[in-house]
Number of protein chains: 2
Amino acid sequence: MDSKLDFIFKRRSVRKYTNEPVSATQLNSLLEAAMSAPSAVAKDPWRFIIVRDQKNLEAISSFLPNGSFLSSAACAIIICGDINKAHANSLSYMIQDCSAAIENILLAATALNLGACWLGVHPREDRIENITNFCKLPSHIIPIGVISLGHPVKQPEPRSRYNPKLVIQEKWSTENN
Amino acid sequence: MDSKLDFIFKRRSVRKYTNEPVSATQLNSLLEAAMSAPSAVAKDPWRFIIVRDQKNLEAISSFLPNGSFLSSAACAIIICGDINKAHANSLSYMIQDCSAAIENILLAATALNLGACWLGVHPREDRIENITNFCKLPSHIIPIGVISLGHPVKQPEPRSRYNPKLVIQEKWSTENN
């Protein structure tokens, strides 16, 4: 693993946080990183809901199976897509754009010595509905994922899950099956 | 813009390349970076087709509107999803996972002083069909995007497209409309 890419290998899901808050400056840097992601035809069809209020964190945590740790996070970012703004009003492009922004936030958090974890929302209808209702989202704003954020109790070791079997040369062949 | 996040701000779409090849070591690093992305329930439902053959690059270029520059790239990576492996066999999760892997490749390319550009495939049916036929993909392997790669003629300036209007505090309010 090339150490020039450590900023990628160091990103791991972090679910345990200290009580230290995430500063407004740090949050702003994460949002700058998010909005530096590419988007189809540069439509930037994303919206970012910042959740700091403890009661709101607990509510959103309750909507997400395996997301109980969110209630002890310093804050969360709910990444939503605006289907009216997405290239060709395409759900696929919108999901791709939001996912690139999410990955940027995760990598930026790691580089700022924060811990983060991506919690899935879309396409689970109950999660979409609960978050939509709770955050009073209009119908064209679709929640895609939630990122929990805080200062990590422990930063896990860098790693890659590189698997040579998933790499194909030029065209598919029977050995790729 | 915090310079600790320059690895993100420096990533820009690069469409003009020198004749210098991308080395096998560099390609391997890009794939390690790709497979360090998170995926839903760690299913890693991605496949990466490496295209180096000039005739194949030209063919794939012909399938992609605005992708003519791909024929002068050193190589390309076609990122595909395996719907049979995706969490809950969900197209949405599969697209999210592949998009995070794509973003990692783009950032890794930048860190290795390469130039890269993300070319959209999914959900365009003609592009999916042409790439599927040309690369002889089985029906459960769905092309999501293509990344063109090479040594940049010129590296563009770092930037963010940060827009404060896209940030919401806690819950949606009428001023967010």
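A few points on the structure. Computed from a prediction, not measured in an experiment: that's the story for all the values here.

Quick look at the overall build of chain A
Counting its secondary structure elements, chain A contains 5 helices and 5 strands. The linear arrangement of helices and strands in chain A, starting from the amino end, is α-α-β-α-β-α-β-α-β-β. Rg of the C-alpha trace for chain A: 17 Å, near the compact-globule value of 16 Å for 177 residues, within the 12% margin. Along the first, second and third principal axes, the C-alpha set of chain A runs to 55 × 40 × 30 Å. Looking at chain A residue by residue over its 177 residues, the buried ones come to 60%. Total accessible area on chain A stands at roughly 7,200 Å², and carbon and sulfur atoms take up 47% of it.

Focus on the sheet that holds strand E5 (residues 167–169) of chain A
Ordered by their spatial adjacency, 5 strands build an open sheet running E5(A)-E1(B)-E2(B)-E4(B)-E3(B), and the pairing between neighbours is mixed. Of all the strands in the sheet, just E5 of chain A together with strand E3 (115–120) of chain B have a single pairing partner and so form its edges. Between one strand and the next, the sheet's axes are offset by a mean angle of 25 degrees, whatever the strand orientation. Bridging between E3 of chain B and strand E4 (residues 141–150) of chain B involves 6 bridges; their strand directions are antiparallel. Bridge pairing in E4 of chain B links Ala-116 of chain B to Leu-149 of chain B. Of the strands in this sheet, strand E1 (46–51), strand E2 (75–82), E3 and E4 of chain B touch helix H4 (residues 91–111) of chain B, which is tilted by about 10 degrees from E4 of chain B.

Section: the interface of chain B and chain A
If you look at the interface, chain B gives 74 residues, while chain A gives 74 residues. Summed over both sides, the interface between chain B and chain A buries roughly 6,500 Å², with carbon and sulfur atoms accounting for 58% of that surface. Where chain B touches chain A, the interface holds 2 salt bridges. With its nearest N and O atoms 2.8 Å apart, the salt bridge here joins Asp-44 of chain A to Arg-161 of chain B. Our count for the contact surface shared by chain B and chain A stands at 45 residue pairs in polar contact (both at pLDDT 80 or more). Contributions of two or more residues to the side of chain B that touches chain A are made by helix H1 (6–9), helix H2 (24–34), E1, H4, E3, helix H5 (125–134), E4 and strand E5 (167–169) of chain B. It is H4 of chain B that provides the largest number of residues to the side of chain B that touches chain A, a total of 12 residues. Grouping the amino acids of the side of chain B that touches chain A by side-chain chemistry returns 38 nonpolar, 18 polar and 18 charged. Bridge count between strand E1 (residues 46–51) of chain A and E5 of chain B: 3 bridges; the pairing is parallel. Its bridge partner lying in E5 of chain B, Ile-49 of chain A is registered against Ile-168 of chain B.

Brief notes about the pairing of strand E4 (residues 141–150) of chain A
Consecutive side chains along a regular strand alternate between the two faces of the sheet. Residues and elements named next belong to chain A. Of all 10 residues in E4, 10 are buried; the element is thus mostly enclosed. Note that strand E2 (residues 75–82) and E4 share 8 bridges and pair antiparallel. Looking at E4, one finds that Ile-77 is bridged to Ile-147.

Side note on the relation of the copies chain B and chain A
Each of the two chain copies can be brought onto the other by rotation about an axis and movement along it. Between the two copies, chain B and chain A, the superposition gives an RMSD of 0.0 Å; the rotation angle is 180 degrees and the shift along the axis is 0.0 Å. Both chain copies can therefore be described as sitting about a two-fold axis. Interface residue correspondence from chain B to chain A reaches 100%, placing this contact among same-surface, isologous pairings.

As for H2 of chain B
Across the 11 residues of H2 of chain B, 8 count as buried, placing the element largely inside the fold. For H2 of chain B, the full list of buried residues reads Gln-26, Leu-27, Ser-29, Leu-30, Leu-31, Glu-32, Ala-33 and Ala-34 of chain B. Structurally, H2 of chain B contributes buried residues whose contacts are with helix H1 (6–9) and E5 of chain A together with E1, E2, H4 and E4 of chain B.

Details of the nonpolar core
Within the largest apolar cluster, 83 residues are counted, with the highest numbers of intra-cluster contacts made by Phe-48 and Leu-149 of chain A together with Phe-48 and Leu-149 of chain B. Among residues more than four places away in sequence, those in contact with Leu-149 of chain B are Tyr-17, Val-22, Leu-27, Leu-30, Ala-73, Ala-74, Cys-75, Ile-77, Ala-109, Gly-115 and Ala-116 of chain B.

Concerning the side chain of Asn-56 of chain B
Summarising the element assignment, Asn-56 of chain B is placed in helix H3 (residues 54–63). With residues up to four places along the chain from it excluded, the contact list for Asn-56 of chain B reads Glu-170 and Lys-171 of chain A together with Val-51 and Phe-134 of chain B.

Basis of the calculations
- Residues numbered from 1 in each chain as written.
- Chains lettered and ligands numbered in written order.
- Predicted model: local features only at pLDDT ≥ 70, side-chain atom pairs only at ≥ 80, totals over all residues.
- Heavy atoms only, no water.
- Helix = DSSP H or I, 4+ residues; strand = E, 2+ residues; numbered from the N terminus.
- Rg over C-alpha atoms; globule rule 2.2 N^0.38 Å.
- Buried < 20%, exposed > 50% of the residue type's maximum accessible area, 1.4 Å probe, protein only.
- Areas by Shrake-Rupley, 256 points an atom, 1.4 Å probe, with all protein chains shown as cover.
- Pairing = 2+ DSSP bridges.
- Axes fitted to C-alpha atoms, helices over the stretch in contact; angles between N-to-C directions.
- Contact = heavy atoms within 4.5 Å.
- Buried area = accessible area lost by both parts, 1.4 Å probe.
- Salt bridge = Lys/Arg side-chain N within 4 Å of Asp/Glu carboxyl O.
- Polar contact = N/O pair within 3.5 Å; in protein donor to acceptor, adjacent residues only side chain to side chain.
- Nonpolar A, V, L, I, M, F, W, Y, C, P; charged D, E, K, R; others polar.
- Least-squares fit on C-alpha atoms with pLDDT ≥ 70 in both.
- Core = buried A, V, L, I, M, F, W, Y, C linked by side-chain atoms within 4.5 Å.

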